[in-house]
Amino acid sequence: MSSGSYSGLRLFLEGLRGHRGWSRAWNKATPRARYRVVIVGGGGHGLATAFYLASEFGITDVAVLEKGPIGLGNVGRNTTLVRSNYFHPDNVRFYEFSLKLWEGIERTLNFNAMVSQRGTLNLFHTEAQRDLFTRRANGMRLQGVDALALGRDQVRAIAPLVDLDNGRYPVLGGFLQPRGGTVRHDAVAWGYARAASRAGVDIIEDCEVTGIRRDATGVTGVETTRGAIGADTVCLAVAGHSSHLAAMAGVRLPIESHVLQAFVTEAVKPVLDVVVTYGAGHFYISQSDKGGLVFGGAIDGYNTYGQRGTLPMAEEVAAAGLTMMPGLARLKVVRQWGGVMDMTMDGSPIISATPVPRLILNGGWCYGGFKAIPAGGMTTAHLIARGEPHPVAAHFDLNRFANGRTIDERGVGPFPFLH
Amino acid sequence: MKGPARIAPGLLTAAARPVTFRFDGRTYQGLDGDTLASALLANGVRLLGRSFKYHRPRGIVTAGADEPAALVDVLGAEGREPNVLATTLRLRDGLEAVSQNRWPSLRLDAMAVNGAFARFLPAGFYYKTFMAPGWAWEKVYEPLIRRAAGLGRLEPVAAAHPAPAETVHDHADVLVVGACCSRPARPSA
Amino acid sequence: MLRIPCPWCGPRDEAEFRYKGDATTPRPPADADEATFVRFVYERPNPRGWHLEWWLHTGGCRRLLKVVRHTVTHEIHAVGGADAALAAPATPERA
């Protein structure tokens, strides 16, 4: 039972007959006894992996197991930013691969994901910062990715909310990735779920994995709250809960789970067109299509699965925001929430086989998983289908920690080993 | 009694102290102790805003902080304050407030046409359309949607917030702790 | 707001402390093999439940504390000094 295709014409026709012709966006499937691939986690990466397995690699005997309803994990809790302005060349390649997939996502999924490439602006406040950003921008340009250096007047023109002449942290300029921006997060979850379901994947909600079955040859299936399910390959795509699931297979990961808070204000008329990140503190902000200003800062700084966070970091985020944009003081924050971040020891993700044969891990996204959803899904599907890493994701190997090839990516922020 | 709809002096208002204020460009009289909402109601003003999406007429629904509809922008020398609840905004002399999210006026709002097309704009309708042609989302649809969204208006450059804050982060060249000197000595060099 | 009962200073807000991470794995001896050091440096139990961890009371006595804290409810079960032998509660894990 397909929901049919989406279009303005169909919306109009359905409007004429009271919207009786729509059916569920995705089937709420009943678990079968066995699948070729079981994906644990129905978030952005799990759903995207399932979709690309079916659409790119012709593997449709796939189940996505989600412990609650689709879309309530980190895919529904992020600040919707997409960009590829990283430093390490391998990371630039990977996130640019993702950004290019974002640029065609509405056509791929037949779902309006509201991809809005209004620009990502990184402010800097010292000459040393300018040098660091210049190095990063040049690295991007060498790979054909867009990056521009802006002076103060140009920053004022595109982001008038910014207080350029702050006494302590004056703004010297900014670096802009014009193709960076935002994507509607709920649309990503629902769009991938619908497309995967239409391609034949079973999406099974309210199904929590409680154990991973193995024998001498490797993984054989999972135990869940809805019964045991056999599988040739099990893929974990559970972000902040990666350690929790991996422990069920006897695997210990280089991951600590931390909370990242995010906030949104009441809705106002358009006042901020670009995404802005602060150079004198960990703070970033953008305005959603609904009018609210969405912002956040750094992780709270202690292991937690609590998805809420505490006041000291909320105050620090507010202080940074008000220093950068004093006009924000007029707004009321209407919602605050937290997600569980799978922080790796080098700040870069893991898309890799594990010591347990046929157990694949997609995780370690720290706080940058949303922008990577299309590339994460595509490269994880490649790894599952072809048995070897996709070229743009090969550096995300789990063994890199033991092999001394950790990824020195400065653009992602501190990793827990430094805490 | 300061207003055609005021039926009796209230417990919180002082009939002896009238207050002059402006809403959407018109001048009214209220009483000291009124909220903006009670003063407008006393003056027979029932239409205060437009609903978020369909721009249906909206008025005052509650008498306190749980008000969902009667939101106004307050103007003044201290800068524009968006999304203020009319039901908790205490009336003061010279108060100037404007309604939100309507053009050209509250009574004749062009976007009210959305209400007529409500059947084509159900919840989440934007996920099912606006996909073709590919270039139109960023150039046409999204700018229109962004302009239609949001209620109040925030000024990009605002004066410092007048209300006292619990926490202040500030920076100084010289910080003097203690008030033993009545006049701070000028630092040398 | 986390409130940590420092054994020397009493209950204090989390803003007075710095989190120093997992306290379950002692540093291996200098002659341990590379695999042991990889496990110590990079791997973490990272449990969804009771967690033994270090906190440094930077804004107070500046002592290193061992804390047993639940990573979902944030309940603190026990606090001690660096040499304390602490353990998670025997009762079954809460959600």
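Residues numbered from 1 in each chain as written. Chains lettered and ligands numbered in written order. Predicted model: local features only at pLDDT ≥ 70, side-chain atom pairs only at ≥ 80, totals over all residues.

Caption draft 1: Spatial organisation of the overall build of chain A. A tally of helices and strands in chain A yields 11 helices and 18 strands. At 21 Å, chain A has a C-alpha radius of gyration in line with the 22 Å of a compact globule built from 419 residues. Expressed along its principal axes, the backbone C-alpha trace of chain A runs to roughly 65 × 60 × 40 Å. Taking all 419 residues of chain A together, the buried fraction comes to 58%. Long-range pairs, those at least 24 residues apart, make up 75% of the contacts in chain A with a sequence separation of at least 6. (Helix = DSSP H or I, 4+ residues; strand = E, 2+ residues; numbered from the N terminus. Rg over C-alpha atoms; globule rule 2.2 N^0.38 Å. Buried ≥ 20, exposed ≤ 12 C-beta atoms within 10 Å, placed from the backbone. Contact = placed C-beta atoms within 7 Å.)

Caption draft 2: Quick look at the interface of chain A and chain C. At the junction of the two partners, chain A supplies 22 residues and chain C supplies 18 residues. Among the elements of the structure, α8 (242-247), β12 (255-267), β15 (292-303), α9 (311-324) and α11 (400-403) of chain A are those that each provide at least two residues to the side of chain A that touches chain C. Taken together, the residues of the side of chain A that touches chain C sort by class into 11 nonpolar, nine polar and two charged. (Nonpolar A, V, L, I, M, F, W, Y, C, P; charged D, E, K, R; others polar.)

Caption draft 3: Main features of the sheet that holds strand β13 (residues 275-277) of chain A. All names here are of chain A. With respect to topology, eight strands assemble into an open sheet ordered β5-β6-β4-β13-β14-β15-β12-β16, the strand pairing being mixed. A single partner strand is all that each edge strand has here, and the edge strands are β5 (148-151) and β16 (333-344). Averaged over neighbouring strand pairs, the angle between their axes works out to 25° when direction is ignored. For β13 and strand β14 (residues 284-287), the ladder comprises two bridges, and the chain directions are antiparallel. Bridged to Val276 within β14 is Ile285. The strands touched by helix α5 (residues 127-142) are β4 (120-124), β5 and β6 (173-177); relative to β4, the strand with the most contacts, the crossing angle is about 150°. (Pairing = 2+ DSSP bridges. Axes fitted to C-alpha atoms, helices over the stretch in contact; angles between N-to-C directions.)

Caption draft 4: Looking closely at the arrangement of the chains. Once contacts are tallied for each of the two pairs of chains in contact, the highest total is for chains A and B. One finds no contact linking chain B with chain C; the least C-alpha distance across the pair is 15 Å.

Caption draft 5: Representation of the interface of chain B and chain A in the model. Opposite the 33 residues of chain B that make contact, chain A presents 35 residues. Breaking the side of chain B that touches chain A down by element, the ones donating at least two residues are β6 (81-85) and α3 (136-148) of chain B. The greatest single-element share of the side of chain B that touches chain A, amounting to five residues, is contributed by α3 of chain B. Here the side of chain B that touches chain A is built from residues that sort into 16 nonpolar, eight polar and nine charged.

Caption draft 6: Representation of the packing of helix α2 (residues 44-55) of chain A against helix α10 (residues 373-386) of chain A within the structure. Residue and element names in this part refer to chain A. Two elements in contact, α2 and α10, have axes whose closest approach is 7 Å; the angle formed by their N-to-C orientations is 55°. When the interaxial angle is binned, α2 and α10 end up oblique. For the crossing formed where α2 meets α10, the hand is right-handed. Contacts between α2 and α10 involve Gly44, His45, Ala48, Thr49, Phe51, Tyr52 and Leu53 from the first element and Ile373, Pro374, Gly376, Gly377, Met378, Thr380, Ala381, Ile384 and Ala385 from the second. Among the residues forming the contact of α2 with α10, the class breakdown is 10 nonpolar, six polar and no charged. (Parallel < 35°, antiparallel > 145°, perpendicular 65-115°, else oblique. Left-handed = near helix turned anticlockwise from the far one by under 90°.)

Caption draft 7: Examining the pairing of strand β10 (residues 218-224) of chain A more closely. Residue and element names in this part refer to chain A. Strand direction decides the pairing type here: strand β9 (residues 209-215) and β10, joined by six bridges, are antiparallel. The residue bridging Asp215 from the neighbouring strand is Gly218, located in β10. Joining the antiparallel neighbours β9 and β10 is a turn of two residues. Pairing of β10 with strand β11 (residues 227-236) involves four bridges; the strand directions are antiparallel. What sits directly across from Thr224, in β11, is Gly227. Between β10 and β11, which pair antiparallel in sequence order, lie two residues.

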